[in-house]
Amino acid sequence: MWINHVFLGFLGLAFGLSVASGSFAIAVKLGIIPEMASKSGTAKRILTYENATILGGIAGNIISVFSQIRFPAGHIFLAIFGLSAGIFVGCMAVALAEIINAYPILYRRMKLKMGLEWMVATIAIGKMCGCLFYFFQGYDATA
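Residues numbered from 1 in each chain as written. Predicted model: local features only at pLDDT ≥ 70, side-chain atom pairs only at ≥ 80, totals over all residues. Heavy atoms only, no water.

Visitor: Talk me through helix α2 (residues 32-40); I want residue IDs and the actual numbers.
Guide: Regarding α2, the residues found buried are Ile32, Ile33, Met36 and Ala37. Seen end-on, α2 carries its buried residues on one side only, within an arc spanning 135 degrees. (Buried < 20%, exposed > 50% of the residue type's maximum accessible area, 1.4 Å probe, protein only. Helix = DSSP H or I, 4+ residues; strand = E, 2+ residues; numbered from the N terminus. Arc of directions from axis to C-beta.)

Structure below.
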C-alpha cells in the first residue's frame, strides 16, 4: 500500500514541476519579473526577485503535493502568507497585462482619456472583493 503513496507522490511532484516550469517559462519569456523590478524602482534587487519566485514555486509545489503535512505557524503567518501571495499574483497579472499592452488597448477602445488610475483601482478592488468572497464563503469545487 505504501508503494502507491510513494508512486502518487512522485507523480504529483513531477507533474507539479512540469506545470510550474511552464509558468516560470512564460514569466521569463515575457520578462515579467524584470518589468516588475523596473516599475517598482528596485532593479538592483532583480536576483532577489528571481530567487524568491523560484523558492516560492518550489515551496508551493511541495505544500500542494503533501497537503496532509501540518505547519503549526498560526493565523498570523497565514495572514502574512495570504497577503504576500495575493500581492504577488496581482503584480504578475498587472505586469503580464502591461507587457501585452492589454490596458492601453482597453483604454483606447473605451475612449478613456482621463481616470485611468481609477480604472486600474476598480479592477484591483473587484478582484480583491471576489477573492475575499471565496475566502469567507469557501470554494467548493464539487458544487
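Visitor: Tell me about a nonpolar patch on the surface, and name the residues and values.
Guide: On the surface, Ile54, Leu55, Ile58, Ile62, Phe66 and Ile69 cluster together to form a nonpolar patch covering roughly 570 Å² of accessible area. By secondary structure assignment, the location of Ile62 is in helix α3 (residues 46-65). Relative accessible area serves as the criterion here: at 41%, Ile62 is assigned to the partly exposed category. (Patch = residues over 30% accessible without salt bridge, like charges linked within 9 Å, V, L, I, M, F, W, Y side chains within 5 Å. Areas by Shrake-Rupley, 256 points an atom, 1.4 Å probe, with all protein chains shown as cover. Salt bridge = Lys/Arg side-chain N within 4 Å of Asp/Glu carboxyl O.)

Visitor: Now, about the layout of surface pockets: what can you tell me, with residues and values included?
Guide: Its volume calculated, the largest pocket comes out at about 1300 Å³. Around the largest pocket, the lining is made up of 37 residues, and of these Gly56, Ala59, Gly60, Ile63 and Phe81 lie nearest the centre. At the level of secondary structure, the elements contributing two or more residues to the lining of the largest pocket comprise α1 (2-30), α2, α3 and α4 (74-99). Per element, the largest residue contribution to the lining of the largest pocket is 13 residues, and it comes from α4. Taken together, the residues of the lining of the largest pocket sort by class into 26 nonpolar, 10 polar and 1 charged. By volume, the second largest pocket is sized at about 780 Å³. Contributing to the lining of the second largest pocket are 22 residues, with Gly86, Ile87, Lys127, Met128 and Cys131 lying nearest its centre. (1 Å grid on protein atoms, 1.4 Å probe; cavity = no way out; pocket = protein on both sides within 12 Å on 5 of 7 lines; lining within 4 Å. Points joined across faces, edges and corners; volume = space filled by probe spheres on them. Nonpolar A, V, L, I, M, F, W, Y, C, P; charged D, E, K, R; others polar.)

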